[in-house]
Amino acid sequence: MIKLISKQHALGLLVLISAINLTACVEVRAWEKGYLAKDEMAWKTDVLEDALAKHIFFSKEASSGSSNAAGGGCGCN
Amino acid sequence: MTNRYSKSLLALSSTALTLSSLTHADAPPPQSTASIKSTNYQEDDLLSNEVLFGELSRYDIDVHQFQLITPVSRNSSFQINGSYDSLSGASPWFTTADAEGEPIVNLSGASGIYDERRELSVGGSYYFENDTLSASAGRSAENDYTATFVNVGLAHELKNKLTTISLNASVSNDDIFPTDANKFNRIERASKRSVSTALSVSHIINQFSTYQTAISVTNQKGFLSDPYKLRDIRPDTKSQYAWTNSFRLFLDEADAALHLNYRLYHDDFGIGSHTVDFAWHQNLTTSLPIDFRIVPSIRYYTQSSANFFTNIDDFSSNPLMPQSSDYRLAAFGAISGGINIIANINSWRITLGAERYQAKSKYSSYNVSKPSTALVRFSRFSLGFDFSY
Amino acid sequence: MTTTKRLIGLLVFFAFSSALGTEEGELAPDFTLPSIYENQPVITLGNLKGKTVYIDFWASWCAPCLRSMPLYNDLYSRYKDQGLEILAINVDNPIEDGLDFLADTPLDFLVPSDIDGEISELFGVIGMPSSYLVDADGSVRLVHMGFRDGDLETIESAIQASLAAH
């Protein structure tokens, strides 16, 4: 039978809870975003690298899915 | 004038390279950026005791990617992406039991496989005051496979200028037409459709950190089996769910950024997975008008097996019952580590990268009742150039 | 129908109420800031009464800001004799980041430093860059956010109108 909360799912929950705790913080003003504007702080610092890594892992592993909807497929999986 | 002066020019050009900015009003990129990247990755050969017959060498793949992003007007930008892959080697064909009853893999014929893949997509974005609407369409073609896809997305920045909500949807229509279909009694032509949607929320936590969480759902319908395997029967629908979390933290004292990502995945083939990756973006300031960044990264992945996975093909079973010995449907774990060295020189960015990936049954955090004998190990090397103008 | 109208009204209200800071038609708040350069006198908005003052909040990490600065140099050289003053308020912290840019792109107009963000707060700046065109009588003629293609023309014609008004 399916266990509702496995050890793995508990780990996931822990990550979520700590993330929510972190968000309960001070408001950042427009002139205080200098650090966040650095390109090493972007979600994707290298778009081609990100696309290729996704493609390779997609072809070697069963999982897919990210913050974007999945793009085109390939005969690799 | 001291060497200090060039650093803000670097800032100007490097900001142009970064698309997803949370820091100023949504606007087209201030400059055009052209990028190319060449990558070689090679799967390790299987050991001769792992293979009954056929090739020992697995895939050797070269990938060449290209991207151009350019502002078109005060409210819009255009982008084009291309990729060319060439692939040679062999892939698992079927699995049997050896004299001791242990699973053993058989790779595809001695002549091996040679294939090419070409992908081209074009897209654009329109920037409203607080919203960005994006759309793209593309096509990927191989000797035996084509995929045609469209993607639309809407990003909305809340009035607090701290939170961005994005919605994405994509559809891909794929056709497969295996080579030597008659000779090997393979299906001649089949197709599948994938529909995917994703919702994400990005939030600025404080001056130094941001967090993004997203949920994506993908539904596939059609021929989902591998026509090249001697016996591979999978259900003709599949639903995939992924929950991703990303965290970025800038450490001022270290002049470095920490990237942490976690993904929880589940699908109705019975596969669940966890992916954790971690990267450290260390800036190195020199007295030259060049800035370096070193980015070591590590990734851990583990998945459970599909309900119908077997590591020894059963040719006597009902041919309608789902069954597959594809190693990607086995329970396993994978550890990979890599390093990227980035140099920023005026309007140029040069990136040199290396990665080592190793999948093993013993790395799995899930129960492995049927270990696959065909798990991959590969090394990857890449060189990329970005130019802003 | 009425519900929809109310909802739209509410949305419109929220859209416009976001500008809690300095708005067009209001008097610009007075302030005094140090110059970003050492050994330069402090800068007080009130002392510039009688002139058209273009106030721009900028940072070295903001790409559109960096693009606008050389263009403002050009604007300044064309209109300073008619009574235009430009205050490019830098919000970099550390201040050296702003000075790095200025070493490469010298600006001909005044560059105050608002390192603590107090004056940015006073104006209610919500995005980078943000600018405020202040008429000779001290009232705000134009509030502008961002810097895209075509924005310079909008700003220039407002400056011309302001200069012509006194």
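Here is a short report on the structure shown in this document. Numbers given to residues run from 1 along each chain, matching the order in which its sequence is written. Chain labels run from A onward and ligand labels from 1 onward, assigned in the order the entries are written. Only residues with pLDDT of 70 or above have their local features reported here, since the model is predicted, and side-chain atom pairs are shown and tallied only from 80 upward, although totals for entire chains, interfaces and linings are computed over all residues. The basis for every side-chain value is the complete set of heavy atoms in the structure, and neither hydrogens nor water enter the calculation.

1. What about the overall build of chain B?
The numbering of helices and of strands both runs from the N terminus, where a helix is a DSSP run of H or I of at least 4 residues and a strand a run of E of at least 2. From N to C terminus, chain B includes 1 helix and 18 strands. Out of the 389 residues belonging to chain B, those deemed buried represent 52%. Any two residues whose heavy atoms approach within 4.5 Å at even a single point are treated as in contact. Within chain B, contacts between residues separated by at least 24 positions form 60% of all contacts whose residues are at least 6 apart in sequence. Accessible surface area values rest on a Shrake-Rupley calculation with a 1.4 Å probe, where residue burial reflects the displayed protein chains alone. Split by element, the accessible area of chain B, about 17,000 Å² in all, is 60% carbon and sulfur. Relative accessibility thresholds used throughout: buried, under 20% of the residue-type maximum; exposed, over 50%; partly exposed, between the two (1.4 Å probe, protein chains only).

2. Things to note about the sheet that holds strand β3 (residues 52–58) of chain C
Strand pairing in a sheet takes place through backbone hydrogen bonds and is either antiparallel or parallel in direction. All names here are of chain C. One requirement defines pairing of two strands: DSSP has to find at least two bridges between them. Strand order in the open sheet made by the 4 strands is β4-β3-β5-β6, with mixed pairing throughout. At either end of the open sheet lies a strand with only one pairing partner, and these are β4 (84–90) and β6 (140–145). Going from strand to strand, the sheet's axes swing by 15° on average, the running direction of each strand aside. As paired elements, β3 and β4 share 7 bridges and run parallel to each other. Within the sheet, the bridge partner assigned to W58 lies in β4 and is N90. Here an axis means a line fitted to C-alpha atoms, over the contact stretch when the element is a helix, while the angle between two N-to-C directions is reported on a 0 to 180 degree scale.

3. Details of a nonpolar patch on the surface
Residues enter patches when they are more than 30% accessible in relative terms and free of salt bridges; like-charged ones are connected within 9 Å and nonpolar ones (Val, Leu, Ile, Met, Phe, Trp, Tyr) within 5 Å. Salt bridge criterion: a side-chain nitrogen from Lys or Arg within 4 Å of a carboxyl oxygen from Asp or Glu. A contiguous nonpolar surface patch, about 370 Å² in accessible area, is contributed by B:L260, B:V276, B:F278, B:I298 and B:I335. You can see B:V276 is positioned in strand β14 (residues 272–285).

4. A few points about the nonpolar core
Residues and elements named next belong to chain C. Ranked by internal contacts, the top residues of the largest apolar core, which has 51 residues, are F31, I55, F57, W58, Y72 and M128. Of all the secondary-structure elements, those providing two or more residues to this core are β3, α2 (63–79), β4, α3 (95–104), α4 (118–123), β5 (130–134), β6 and α5 (151–164). Among the elements that make up this core, the one with the highest residue count is α2 (7 residues). Contact partners of W58, with chain neighbours within four places excluded, come to C65, L66, M69, A88, I89, N90, V91, G98, F101, L102, V111 and M128. Throughout this description, the term nonpolar core refers to a set of buried Ala, Val, Leu, Ile, Met, Phe, Trp, Tyr and Cys residues connected via side-chain atoms within 4.5 Å.

5. Thoughts on the packing of aromatic side chains
Pairing of aromatic side chains requires ring centres within 6.5 Å, counting the rings of Phe and Tyr and the six-membered ring of Trp. Pairs whose planes differ by under 30 degrees are stacked, by over 60 edge-to-face, and all others tilted. Applying the stated rule across the entire model yields 19 aromatic pairs over all chains. For the pair B:F269 and B:F308, a centre-to-centre distance of 5.1 Å together with 75° between the ring planes defines the contact as edge-to-face. Remark: B:F308 occurs in the loop between β15 (290–303) and β16 (332–345) and B:F269 occurs in the loop between β13 (256–267) and β14; sequence separation between them is 39 residues. There is no split in this pair, since B:F269 and B:F308 are both buried. Within the aromatic cluster, the residues linked to one another by ring pairs are A:F57, B:Y41, B:Y357 and B:F378.

6. Side note on the packing of α2(C) against α5(C)
Residues and elements named next belong to chain C. Packing of α2 against α5 brings their axes to within 12 Å, and their N-to-C directions diverge by 20°. Between α2 and α5, the interaxial angle falls into the category roughly parallel. Note that α2 runs across α5; the crossing there is right-handed. Every residue of α5 that contacts α2 at L71, Y72, L75, R78 and Y79 is listed here: L152, I155, E156, I159, Q160 and L163. Ten residue types, Ala, Val, Leu, Ile, Met, Phe, Trp, Tyr, Cys and Pro, are classed as nonpolar, four, Asp, Glu, Lys and Arg, as charged, and the remainder, Gly among them, as polar. Of the residues contributing to the contact of α2 with α5, the split by class is 8 nonpolar, 1 polar and 2 charged. Here roughly perpendicular refers to angles of 65 to 115 degrees, roughly parallel to angles under 35, roughly antiparallel to angles over 145, and oblique to all remaining angles. For any helix crossing, the convention is left-handed if the near helix is rotated counterclockwise from the far helix by under a right angle, and right-handed if that rotation is clockwise.

7. Some remarks on the state of the cysteines
Residue and element names in this part refer to chain C. Disulfides are defined in this document as cysteine sulfur pairs within 2.5 Å. Under the defined criterion, the tally for this structure stands at 1 disulfide over all chains. Note on cysteine connectivity: C62 is disulfide-linked to C65, with sulfurs 2.2 Å apart. Handedness of the C62-C65 disulfide follows from its S-S torsion of about 80°: it is right-handed. Owing to a relative accessible area of 0%, C62 belongs among the buried residues under this scheme.

8. Side note on empty space enclosed by the protein
Residues and elements named next belong to chain B. A pocket here means an open set of points on a 1 Å grid, computed over the protein atoms alone, that has protein on both sides within 12 Å along at least five of seven lines. A cavity is instead a set of points where a 1.4 Å probe fits but cannot get out; residues with an atom within 4 Å of a point line either one. Grid points are joined across faces, edges and corners, and a volume is the space filled by probe spheres set on the points. Taken as a whole and assessed by the stated rule, the structure comprises 4 cavities of 30 Å³ or more. Put simply, the second largest cavity is a space of about 70 Å³. For the lining of the second largest cavity, the secondary-structure elements that each account for two or more residues are β4 (92–97) and β5 (103–107). The element that contributes the greatest number of residues to the lining of the second largest cavity is β4, accounting for 4 residues.

9. Notes on the interface of chain C and chain A
The interface is formed by 12 residues belonging to chain C together with 7 residues belonging to chain A. Summing both sides of the interface, chain C and chain A together bury roughly 710 Å²; the carbon and sulfur share of this comes to 64%. Linking chain C with chain A are 1 salt bridge, by the criterion used here. For A:R29, the salt bridge is made with C:E121, and the minimal N-O distance between the two is 2.9 Å. The residue makeup of the side of chain C that touches chain A, split by class, is 6 nonpolar, 4 polar and 2 charged. Accessible-area loss on putting two parts together, using a 1.4 Å probe and summing over both, is the definition of buried area adopted here.

10. Some remarks on α5(C)
Residue and element names in this part refer to chain C. In this scheme, a helix's expected span is set at 1.5 Å multiplied by one less than its residue total. With 14 residues, α5 extends 20 Å from end C-alpha to end C-alpha; this agrees with the ideal 20 Å at 1.5 Å per step. Within the sequence span of α5, burial applies to D151, L152, I155, E156, A158, I159, S162 and L163. Here the buried residues of α5 occupy an arc of 165° about the axis, which is enough to place them on one side. Looking at α5, the residues exposed on the side facing more than 90 degrees away from the buried face are E153 and A164. Where α5 is buried, its residues touch β3, α2, β4, β5 and β6. The reported arc concerns the directions from the helix axis to the C-beta atoms and nothing else.

11. Focus: the interface of chain A and chain B
Between chain A and chain B, the residue contacts involve 54 residues of the former and 93 residues of the latter. At the boundary of chain A with chain B, total buried surface from both sides reaches about 6,400 Å², with 57% on carbon and sulfur atoms. Broken down residue by residue, the surface that chain A buries against chain B is led by A:W43, A:L48 and A:K60, which jointly contribute 14%. Summed over the shared surface of chain A and chain B, the number is 7 salt bridges. The partner of B:K37 in a salt bridge is A:E49, and the shortest N-O contact between them spans 3.8 Å. Looking at the side of chain A that touches chain B, the elements that each hand over two or more residues are α1 (7–23) and α2 (47–60) of chain A. In terms of residue count, the dominant contributor to the side of chain A that touches chain B is α2(A) (11 residues). Among the residues forming the side of chain A that touches chain B, the class breakdown is 25 nonpolar, 18 polar and 11 charged.

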